[in-house]
Structure formats: structure tokens, C-alpha cells
Amino acid sequence: MNANEILDEIEKIFPDAQCELVHQTPFQLLIAVILSAQTTDVSVNKITPALFKAYPDAKAMAEAEIKDIESYIHSIGLYKNKARSLKKCSKDLIEKFDGQVPSTYKELMSLQGVGRKTANVVRSVAFDIPSFAVDTHVERVSKRLGLAKPYDSVEKVEEKLKRKVDRNRWNQGHHDMIFFGRYLCTSRNPKCETCPFPSICRKDKIGR
């Protein structure tokens, strides 16, 4: 079973897979993705309505006091580091890009708090540019289903997925694999009895 056939099966289970971070603008998406590091989208969505009401754009957030940003995001992990990143990222946007979120890898990754995964999500969701973001769910599913080796780095997993999945499916494929990993092929206690891939699963061989 090749990568595209795997996505076909996942889409039968999760036909409406999409970005679950609630946002209205590229700026809000960027901020939400930065906040989502090592925490859940559900947790992020609980704090962003008030955060975005207070700081709807890069200018407002760049001018905010870090302690004020902290007051909106203190319920999630690493909130102190994230507050500093949000302010610095917003200042970067103002100083480098006139307050607008850029769309190239180089420009996005020049922003504070933005790594390759975040850049891929923004390119894909905000700008509909074919990209394949690899988060913990995508990495786990890729390795369990044999689309990547157990020891592959995140960058290597991304490279292999982009090679094996049709380019016009990269953006949706990312969401498909996240939903599959988040709701069925979970890290602990995966729902193996309802999985369509028992014949190719390598979970027991790779020990995770």
C-alpha cells in the first residue's frame, strides 16, 4: 500500500480533517501555531479569543508588555517563553514585513519562535502553498505505517512524505495524518481494533 492509498483510507475515516486552530487571519494562525508547541490545539483555542481581542494584529502585540501577554496565555505550558516569542515575532513582522505575515520559508523562519513545522503550517493553511508539516502525530503515523524509518529525523520524514505523496495532496495529507494520529493512532492506547492498516503497521517492531 503506497502513501496515496494510505491517505485514501484515512480520508474515509476522517473526511473533514482540517486545521483545528481557530483563527481569522494569517497573523492569528501564526501566533496560534507558535502557542501550540508542546500543548494541544484545544488548550490554545481556549486562550486565543481573548488574546486576539486584545492584540488583533502584529502592531498591537509588538507594543504590548510581556507580562500582559503572559496574563492571557498563562494556562498553557512554557507560557513565559512563548510570551517573549510572541512579542519578538510581532516586532519582527513590523520591522521586516510591514506587519504582514510572509509566505516563504526563509522569511517565515527569520521570525522569532518559527521553525520549519510552523512555517509549513502557515504556508499550507494561510496561503495554500503545497507544504507538508510534520508534527508529533504525523511523525508517529509515518513511522508506524512504514512511510519513514524509526530513526528518521523530522526533516527526513518530511522529505520522504513529499516524495511519496502526490504534491496536490500535501496540504490535505498533513491534516489527514494529524487526525489519524490524534484520534485513532494515538501515542498511548491506539485504537488498533478499528485501524485499517494492521497488515502494514510496524508499531510493535519499533516499540512506539
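As the structure is a prediction and not an experimental result, all values here were calculated from the model. (Residues numbered from 1 in each chain as written. Predicted model: local features only at pLDDT ≥ 70, side-chain atom pairs only at ≥ 80, totals over all residues. Heavy atoms only, no water.)

Digging into the layout of surface pockets
Alright, step 1. Put simply, the largest pocket is a space of about 530 Å³.
Alright, step 2. Around the largest pocket, the lining comprises 24 residues; the ones closest to its centre are Ser36, Asp41, Lys117, Asp135 and Arg182.
Alright, step 3. Elements supplying a minimum of two residues to the lining of the largest pocket: helix H3 (41-54), helix H8 (116-127), helix H9 (136-144) and helix H11 (170-183).
Alright, step 4. At six residues, the largest contribution of residues to the lining of the largest pocket is made by H11.
Alright, step 5. Classifying every residue of the lining of the largest pocket by side-chain character gives nine nonpolar, ten polar and five charged. (1 Å grid on protein atoms, 1.4 Å probe; cavity = no way out; pocket = protein on both sides within 12 Å on 5 of 7 lines; lining within 4 Å. Points joined across faces, edges and corners; volume = space filled by probe spheres on them. Helix = DSSP H or I, 4+ residues; strand = E, 2+ residues; numbered from the N terminus. Nonpolar A, V, L, I, M, F, W, Y, C, P; charged D, E, K, R; others polar.)

Overview of helix H1 (residues 3-13)
Alright, step 1. All of the buried residues along H1 are Ala3, Asn4, Ile6, Leu7 and Ile10. Taken down its axis, H1 places every buried residue within 150 degrees of arc, on the same side.
Alright, step 2. Turning to H1, the residues buried within the fold contact helix H10 (154-164) and H11.
Alright, step 3. The residue sitting at the N-terminus of H1 and contributing the capping side-chain oxygen is Asn2; that oxygen lies 3.1 Å from the backbone nitrogen of Asn4. (Buried < 20%, exposed > 50% of the residue type's maximum accessible area, 1.4 Å probe, protein only. Arc of directions from axis to C-beta. Contact = heavy atoms within 4.5 Å. Polar contact = N/O pair within 3.5 Å; in protein donor to acceptor, adjacent residues only side chain to side chain.)

Thoughts on the pattern of salt bridges
Alright, step 1. This structure, assessed with the given rule, holds 16 salt bridges.
Alright, step 2. Here Asp68 makes a salt bridge to Lys67, at a shortest N to O gap of 3.7 Å.
Alright, step 3. Its relative accessible area of 56% is what places Lys67 among the exposed residues.
Alright, step 4. Through salt bridges with shared partners, a single ionic network connects Asp8, Glu11 and Arg169. (Salt bridge = Lys/Arg side-chain N within 4 Å of Asp/Glu carboxyl O.)

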